[in-house]
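Given next are the chains, with one letter for each unit.
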Amino acid sequence: MEIAAAVSAGERSALEVVDEHLDLIAQRDPELHAFNLVTAESARAEAAAIDARVSAGEAVGPLAGVPLAVKDNMCTKGVPTTCSSKILEGWRPPYDATVVERLRQAGAVSVGKTNLDEFAMGSSTEHSAFGPTRNPHDPSRVPGGSSGGSAASVAAGFTPLGIGSDTGGSIRQPAAFCGVVGMKPTYGAVSRYGLIAFASSLDQIGPIAADVSGAAALFDVIAGHDPLDSTSIGDFAPTASAVLDEGVEGLRIGVVKELSGGPGGVPGLAVDVLARAAEAVEVLAAAGALVDEVSVPSSTLGLSAYYLVAPAEASSNLARYDGVRYGLRVDGPTSPEMTTATRTAGFGPEVKRRIMLGTYALSAGYYDAFYGKALKVRTMMLNDFARVYENFDVLVSPTTPTTAFELGTRTQDPLTMYVNDVCTIPSNLTGHPAISVPFGVGDDGMPVGVQVLAPALHDAQTFRVAAVLEAAS
C-alpha cells in the first residue's frame, strides 16, 4: 500500500498519517457514527513507536502506519468490546484476537472499534444498542450490516482499511452498499480466535478496503493457520496480492442463474442492480474469460436454511451471557430471575428474536423438521456447488438485491430485512470464499456491488477477477 511504503521509507510519518485520519473522524463521525469507540491516544502511541522503529532502521511490516478500523465484536486487550450490546457493558477482554495481533505485527494502527448490528445480527447496522450507522454516500440511508461501521469508515475515508466478520454476508453486503471492497475468506482460512461468536460454523473474519489491492494486502496479513483456532486450516498460504495482475483470460466464469434474475431464481432483484451485474459479465468476457450461465438450484433455499442454522447456533452461543461471569448484571431475588432480568434488559429485540427462533428449531419435536432439514439443504448446496465448480473456476452474481435503502424502512419487517442477504448466504453455508467489488451505481446514484464466488481455498481467484472488474469500473 502507498501509505505503508511511504512510512517504511521514511517519506511520511506514521503519526502524521494517523492524525490526519483522526481529524477526519472528528469532523464527520458525529454524523455517521461509524465508531463505537475512537482510540486516539493509543493510536498515536502506536504510530509514534512505528516512526521510532523506522528511524532506527528496523523493518515495520507490510501495513506500516496504515490506519485500521476494527469491528467491535473482536477482542482487543484492555479496550472495551461490546458487540454493540448493552449486555457486554464494561467488558474489557484480557487478550487480543489473533487477527488483531497479526495486524499490529504488520504495522497497522487501530484507531477504534466500529459499530455493528448487535452481535452481528442484522443487515443495516440499525440493530445496535448505541444507535445506527449512516451511509457516507447518503446519510439518510443505511450502510448495510452487520459490518456497517467498518464499511462506512472505509467509504468515508476515516481509514483505508477495515476488519469485519461475515456470517451471512455481513462484510460483502455493507461493502456493496458503501461502494468499497469486502471479502469473505474460505471458512478456516482466517483465525476466529477472539471473534465473539454468532454462528460458529458460519462466522468468518475478512478484509474491507477502498480498493482490491488494499483488501488483498489485508487478507494476506490476517490469513494463515492459527493453532488457537481448532477450525483453522493447517496448510493454507495466502497469495492474493501476487495474482492481481494476472487478468482473466481463459478463466471459466459462470453466471449463477438463480442469483441473477433468471427464471425460478430468488425474487426481489432490482433491475438497475441486475444491469450492473450484466455489464460486469460483459467486461469479463471482453477481457478473455469464458463466460456461460450456470444453474445452482439449491441456492434459492439458502435463505431458509440459514435462518434456521444461524439462529440455532446463536441460541447456544449466547447462552453464556447470564449476568454472572461478565458484562451487565440486573439483580433479582433468585439466580434464574437474575438471569432472566439481565437477558431481558441486555439483549435487543433482533437478538431476542433470533435466540427464540433458534431455541424453537432445536427443541424436542421440531429438531428434525427444522434444524435437521436445514442441515440437509446445506449438504445439498455443497454438492450443487461442487458439481458446478467441476466446469467453472469462479461464479458471479449481484452482491445485494438492491442498493442501500433508507433508515427505518425495514426494521419493522424482519423478513424483508433478511432478504438483503439472499445472494451472499450461499457462500457462508458452503464455507467458500467470495468478494464484493464496486461496479457502477444504481438509478438512485448509490453504489452497486458485484460478487465473485470461488471454491474453497481458491481465495486468490476472487481477488484476481475483482481486480479486472475494478479496473473496468
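None of the values given here were measured: they were computed from a predicted structure.

### Section: the domain arrangement of the protein chain
- Annotation of the protein chain at the domain level lists domain 1 (2–236) and domain 2 (252–304 + 369–472).
- On a C-alpha basis, the centroid separation for the pair domain 1 and domain 2 is 24 Å.
- Tallying the contact residues gives 42 residues for domain 1 and 42 residues for domain 2.
- Taken together, both faces of the contact between domain 1 and domain 2 bury some 3200 Å²; the carbon and sulfur share is 62%.
- There are one salt bridge connecting domain 1 and domain 2.
- For arginine 141, the salt bridge goes to aspartate 444, with nearest N and O atoms at 2.8 Å.
- Here domain 1 is connected to domain 2 by 21 residue pairs in polar contact (both at pLDDT 80 or more).
- Mapped onto the side of domain 1 that touches domain 2, the elements with two or more residues apiece are helix H6 (172–178), strand E5 (181–184) and helix H7 (212–222).
- At five residues, the largest contribution of residues to the side of domain 1 that touches domain 2 is made by H6.
- Class assignment for the residues of the side of domain 1 that touches domain 2 results in 19 nonpolar, 15 polar and eight charged.

### Some details on the side chain of glutamine 173
- By the secondary structure assignment, glutamine 173 is in helix H6.
- For glutamine 173, a relative accessible area of 0% gives the class buried.
- Polar contacts involving the side chain of glutamine 173 include one to the main-chain amide nitrogen of glycine 145, which spans 2.8 Å.

### A word on the pairing of E5
- Neither face of E5 is open: one carries Val181 and Met183, the other Gly182 and Lys184, and all of them are buried.
- Here E5 pairs with strand E10 (residues 434–441) via three bridges, running antiparallel. Paired with glycine 182 across the bridge in E10 is serine 436.

### Here we look at the pattern of salt bridges
- According to the stated counting rule, one finds 17 salt bridges in the structure shown.
- Residue glutamate 31 is joined to arginine 28 by a salt bridge in which the shortest nitrogen-to-oxygen separation is 3.3 Å. Taken together, the residues span about one helical turn, with glutamate 31 and arginine 28 both in helix H2 (residues 14–32) at a distance of three residues.
- For arginine 53, the salt bridge goes to glutamate 58, with nearest N and O atoms at 3.3 Å.

### Side note on the environment of serine 13
- On the secondary structure map, serine 13 appears in the loop between helix H1 (2–8) and H2.
- A relative accessible area of 19% means that serine 13 is categorised as buried.
- For the pair formed by serine 13 and alanine 270, sequence separation is 257 residues and the distance between their alpha carbons is 46 Å.
- Residue contacts for serine 13: discarding those within four places in its chain leaves Val7 and Asp51.
- Here the side chain of serine 13 touches aspartate 51 through a polar contact of 2.9 Å, side chain to side chain.

### Examining the packing of aromatic side chains
- Here the structure, examined in full by the defined rule, presents 17 aromatic pairs.
- Here the aromatic residues Trp91, Phe119, Tyr321, Tyr326 and Phe347 are joined through ring pairs into a cluster of three or more.
- One cation-aromatic arrangement involves arginine 410 over phenylalanine 405; the distance from NZ or CZ to the ring centre is 4.1 Å.

### Description of the sheet that holds strand E9 (residues 394–398)
- On the basis of which strands lie adjacent, the open sheet formed by eleven strands has the order E1-E3-E2-E4-E6-E5-E10-E11-E9-E7-E8 and mixed pairing. Edge strands, defined here as strands with exactly one partner in the open sheet, are strand E1 (35–38) and strand E8 (290–294). The sheet shows a mean angle of 25° between the axes of neighbouring strands, direction not considered.
- Pairing between strand E2 (residues 67–71) and strand E3 (residues 109–114): five bridges, direction parallel. Directly across from leucine 68, in E3, lies its bridge partner serine 110.
- Against the sheet, helix H3 (residues 40–55) contacts E1 and E3, and its axis sits at roughly 160° relative to E3.

Analysis parameters
- Residues numbered from 1 in each chain as written.
- Predicted model: local features only at pLDDT ≥ 70, side-chain atom pairs only at ≥ 80, totals over all residues.
- Heavy atoms only, no water.
- Domains from an automatic or database assignment.
- Contact = heavy atoms within 4.5 Å.
- Buried area = accessible area lost by both parts, 1.4 Å probe.
- Salt bridge = Lys/Arg side-chain N within 4 Å of Asp/Glu carboxyl O.
- Polar contact = N/O pair within 3.5 Å; in protein donor to acceptor, adjacent residues only side chain to side chain.
- Helix = DSSP H or I, 4+ residues; strand = E, 2+ residues; numbered from the N terminus.
- Nonpolar A, V, L, I, M, F, W, Y, C, P; charged D, E, K, R; others polar.
- Buried < 20%, exposed > 50% of the residue type's maximum accessible area, 1.4 Å probe, protein only.
- Pairing = 2+ DSSP bridges.
- Phe/Tyr/Trp six-rings, centres within 6.5 Å; stacked < 30°, edge-to-face > 60°.
- Lys NZ or Arg CZ within 6 Å of the ring centre and 35° of its normal.
- Axes fitted to C-alpha atoms, helices over the stretch in contact; angles between N-to-C directions.

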